[in-house]
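Here is how the chains run, residue by residue.
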Amino acid sequence: MSYIRLDNLRKHYTPQIPKVLESLPRVEVSTNYAPIEESVSAFFPATFGLPLLELKENFSSEELSAPSPLNVGVLLSGGQAPGGHNVIAGIFDALKSYHPASSLFGFLMGPGGLLKNQVRELTADVINAYRNSGGFDMIGSDRTKLEKKEDFDTALKVAHGLKLHALIIIGGDDSNTNAALLAEYCKAIGDPLRVIGCPKTIDGDLKNAWIEASFGFDTCAKVYGELIGNIQRDCYSSRKYWHFIKLMGRSASHLTLECALMTQPNVAIISEEIAAHNRSLGDIVSQLADVVVMRSERGMDFGSVLIPEGLVEFVPKMRLLIAELNKVLAENAHKLHLVKRTQILNYLAGKLSEESASFFLSLPKEMAYQLSMERDPHGNVQVSRIEIEELIVTMLKKELEKRRKKGEYKGNFSALTHFFGYEGRCSMPSNFDASYCYSLGRTASYLAIAGHSGYMAAVRNLVNHPSEWQPAGIPLTLMMHLEERKGALKAVIKKSLVDIEGAPFRYFRKHRHEWAEGISYHYPGPIQYFGPSAVCDNTTITLRLENHL
Ligand code: FBP
């Protein structure tokens, strides 16, 4: 019997693409109305007000003739997301089919590599070795910010050195905000470099009226869904543990909500609901205790709880503490290294408001250290490294003991904690993500070929068969609003949080009581790459509910 490795076999998978993208499409101005956020215009005088674009099948052979080669640079920015390599493969294939002498250059280790002119040409051999694979290791990624004039001048110097016609930035909301700033800078100074963005992030928060999903979300949710399902089956088999599972997804709880819809746990905490009802950690713990007690009375001293990693930033008291800490850490960055580790918590507490200081010092020490860790280059708290699940379990144990003393609880509470994060970000993309990413890449190339800049590549109509997907170009400034960043108002791409009036959350709200009371667990199993299309090619429950399916 001969054996074949799945990762090798996957290199030969042919992504499914919209019919429009099978050959060079026409890029047309859309007649669809797009409401604009006027306040953003002052920040983008040169690129604000661009029209929506649609890619249409090209039936005229004349328009396909006489192209000259194009040089394009590409970089990956921010956290890994399954399918990034396929975006690059899509860019490459579209460029080569446009003109075989076109070249694609990959900047190594993200925007940082662009500024350092660390680059490699991406030839067919390189691309073919990475088709349909997970990870970003083809060229790497980082979180360097491109926002200052000097950054843009350096980037343009590098781009000119390589004779680039276009730069494609594959990233999340912050990276695409930076793409918009670079596009604006180019237009303002009359530089012909075209800048196109692609919507990446497992967090699922780069979506809006025009972008239906960010790539990587589908695969990541399916990986976590499999693991949660396995744990729930173990839990139901042994009937002796409560599992507390923290899930990645920096701010928004989209991943947690999707995993809840997939696996029907006993409890799923959704940060946006916590913030909307102004609930404290104490409230969350008290509600969890109610479920533990109720299940115990029914003979079920076991269960599953999903916790979004971003929860810390949505609990009002924590949010205030983090905001104050951000300020204190930024203002004292130059002298923090002089403070001994044993004194750092008291030192920081001394600079906080009275309320935040006492809350900060009441936290378990490890957690207080985690909250004080250095922020990422975009100023984000590193929520993946904050063990909120441990804190919740500690508080819950105390609450249950209190109830036991009052005779309100007689059960056994044995808790295990888990964190599913990095294990999902680089997994082999699902068929959906493999095809979606490849289509995004082709769309990005065609937008650049048609001479457009300041756009995000989009592929829409995603709940339908890929042949019916609709590629489009969305002006980056159209997705922006004003936000206070480091004390100043800035135009940034708006992050999408879970809408607690939206269909996915409403479905969850309608069913969660029955999930809490009994055993409704689903066990989704691993991602399937071969087999019936209804199993292999489907997308997330979130997308289906959002589209009323
Ligand atoms: P992006 O927003 O760049 O896509 O990254 C998202 C993410 O995976 C979050 O879910 C997580 O909190 C964070 O990155 C972890 O960052 P790091 O890789 O720097 O530890």
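Residues numbered from 1 in each chain as written. Predicted model: local features only at pLDDT ≥ 70, side-chain atom pairs only at ≥ 80, totals over all residues. Heavy atoms only, no water.

S.K.: Now, about the packing of helix α2 (residues 84–98) against helix α17 (residues 431–449): what can you tell me, with residues and values included?
M.R.: It is at 7 Å that the axes of α2 and α17 come closest, and there the two elements cross at 45°. The pairing of α2 with α17 is recorded here as oblique in orientation. By crossing handedness, the relation of α2 to α17 is classed as right-handed. The residues of α17 that touch α2, namely those facing Asn86, Val87, Ala89, Gly90, Ile91, Asp93, Ala94, Leu95, Ser97 and Tyr98, are Ala434, Cys437, Tyr438, Gly441, Arg442, Ser445, Tyr446 and Ile449. (Axes fitted to C-alpha atoms, helices over the stretch in contact; angles between N-to-C directions. Helix = DSSP H or I, 4+ residues; strand = E, 2+ residues; numbered from the N terminus. Parallel < 35°, antiparallel > 145°, perpendicular 65-115°, else oblique. Left-handed = near helix turned anticlockwise from the far one by under 90°. Contact = heavy atoms within 4.5 Å.)

S.K.: Can you break down the pattern of salt bridges residue by residue, with the values?
M.R.: Overall, the coordinates contain 23 salt bridges when judged by the stated rule. In this structure, the salt-bridge partner of Asp153 is Lys149, at a minimum N-O distance of 2.7 Å. Of this pair, Asp153 and Lys149 both sit in helix α5 (residues 149–161), separated by 4 residues, roughly a single helical turn. For Asp153, a relative accessible area of 30% translates into the label partly exposed. Between Glu389 and Lys246 there is a salt bridge, with the nearest N and O atoms lying 4.0 Å from each other. In this pair, Glu389 is assigned in helix α15 (residues 388–405) and Lys246 in strand β9 (residues 242–247), connecting sequence segments 143 residues apart. (Salt bridge = Lys/Arg side-chain N within 4 Å of Asp/Glu carboxyl O. Buried < 20%, exposed > 50% of the residue type's maximum accessible area, 1.4 Å probe, protein only.)

S.K.: Residue-level account of the environment of Ile527, with values.
M.R.: Summarising the element assignment, Ile527 is placed in the loop between α18 (503–517) and α19 (533–536). Taking C-alpha positions, Ile527 is 6.4 Å from Lys222, a pair spaced 305 residues apart along the chain.

S.K.: Talk me through the site of the ligand; I want residue IDs and the actual numbers.
M.R.: Lining the immediate environment of the ligand, one finds 14 residues, of which Gly79, Thr201, Asp203, Glu309 and Tyr422 sit closest. Within the side chain of Lys200, a nitrogen or oxygen atom sits 3.1 Å from an oxygen atom of the ligand. Coverage of the ligand by the protein amounts to 83% of the 480 Å² it exposes when considered alone. (Near = heavy atom within 4 Å. Polar contact = N/O pair within 3.5 Å; in protein donor to acceptor, adjacent residues only side chain to side chain. Areas by Shrake-Rupley, 256 points an atom, 1.4 Å probe, with all protein chains shown as cover.)

S.K.: Before we move on, can you summarise helix α12 (residues 341–349) with the specific residues and values?
M.R.: Residues of α12 that are buried: Ile344, Leu345, Leu348 and Ala349. Looking straight down α12, one finds that the buried residues subtend no more than 120° of arc, so they occupy a single side. Residues of α12 that are exposed and point more than 90 degrees away from the buried face comprise Thr342 and Asn346. Where the residues of α12 are buried, they touch α11 (316–331), α13 (354–362) and α14 (365–371). (Arc of directions from axis to C-beta.)

S.K.: So, the nonpolar core: which residues are in play, and what are the values?
M.R.: In globular proteins that are soluble, nonpolar side chains generally tend to be buried together. In terms of nonpolar packing, the biggest core is built from 76 residues, with Ile88, Ile170 and Tyr224 touching the most fellow members. With 10 residues, α17 is the largest single contributor of residues to this core. Sequence-distant contacts of Ile170, that is, excluding residues within four places in its chain, are made with Val74, Leu75, Leu76, Ser77, Val87, Ile88, Ile91, Cys198, Lys200 and Phe215. Residues Trp242, Leu325, Ile344 and Tyr369 belong to the second largest nonpolar core, which totals 50 residues. (Core = buried A, V, L, I, M, F, W, Y, C linked by side-chain atoms within 4.5 Å.)

S.K.: Explain empty space enclosed by the protein residue by residue, including any values.
M.R.: Applying the stated rule across the entire model yields 1 cavity of 30 Å³ or more. A volume near 80 Å³ is recorded for the largest cavity. As for the largest cavity, its lining consists of 14 residues, and the residues nearest its centre are Glu212, Ala213, Phe217, Thr540 and Leu543. Among the elements that take part in the lining of the largest cavity, helix α20 (residues 541–546) stands out by supplying 3 residues, more than any other. Counted by class, the lining of the largest cavity contains 4 nonpolar, 6 polar and 4 charged residues. (1 Å grid on protein atoms, 1.4 Å probe; cavity = no way out; pocket = protein on both sides within 12 Å on 5 of 7 lines; lining within 4 Å. Points joined across faces, edges and corners; volume = space filled by probe spheres on them. Nonpolar A, V, L, I, M, F, W, Y, C, P; charged D, E, K, R; others polar.)

S.K.: Please provide a residue-by-residue account of the sheet that holds strand β12 (residues 415–420), values included.
M.R.: With parallel pairing, 4 strands are arranged side by side in an open sheet as β10-β11-β9-β12. Two strands in the sheet have a free side with no partner beyond their single neighbour: β10 (267–268) and β12. In terms of strand pairing, β9 meets strand β11 (residues 303–308) through 6 bridges, oriented parallel. By the bridge assignment, Ile245 is partnered in β11 with Leu306. Running over the sheet, helix α10 (residues 281–297) touches β9, β10 and β11 and is turned about 150° from β9. (Pairing = 2+ DSSP bridges.)

S.K.: Lay out the state of the cysteines with the relevant residues and their values.
M.R.: Going through the model one piece at a time under the given rule, you end up with 0 disulfides. The thiol of Cys186 is unpaired, and the distance to the nearest cysteine sulfur, on Cys198, comes to 17 Å. The structure places no disulfide on Cys259, whose sulfur is separated from the nearest cysteine sulfur, that of Cys220, by 8.1 Å. (Disulfide = S-S within 2.5 Å.)

S.K.: Let's hear about the packing of aromatic side chains: which residues, and what values?
M.R.: Here the distance between the centres and the angle between the planes together describe a pair of aromatic rings. The tally for this structure, following the rule as stated, stands at 11 aromatic pairs. With a centroid separation of 6.3 Å and an interplanar angle of 35°, the aromatic rings of Trp242 and Phe244 are classed as tilted. Exposure remark for Trp242: the relative accessible area of 1% places this residue in the buried category. A ring pair is formed by Phe432 and Trp469, whose centres lie 5.7 Å apart and whose planes are at 70°; its orientation type is edge-to-face. Of this pair, Phe432 sits in helix α17 while Trp469 is found in the loop between β13 (455–460) and β14 (470–475), placing the two residues 37 residues apart along the sequence. Under the relative-accessibility criterion, Phe432 is labelled buried at 5%. Under the relative-accessibility criterion, Trp469 is labelled buried at 3%. One aromatic cluster is present, built from ring pairs that chain together Tyr236, Phe302 and Tyr521. It is Arg10 that lies over the ring of Tyr13; its NZ or CZ is 4.2 Å from the centre. (Phe/Tyr/Trp six-rings, centres within 6.5 Å; stacked < 30°, edge-to-face > 60°. Lys NZ or Arg CZ within 6 Å of the ring centre and 35° of its normal.)

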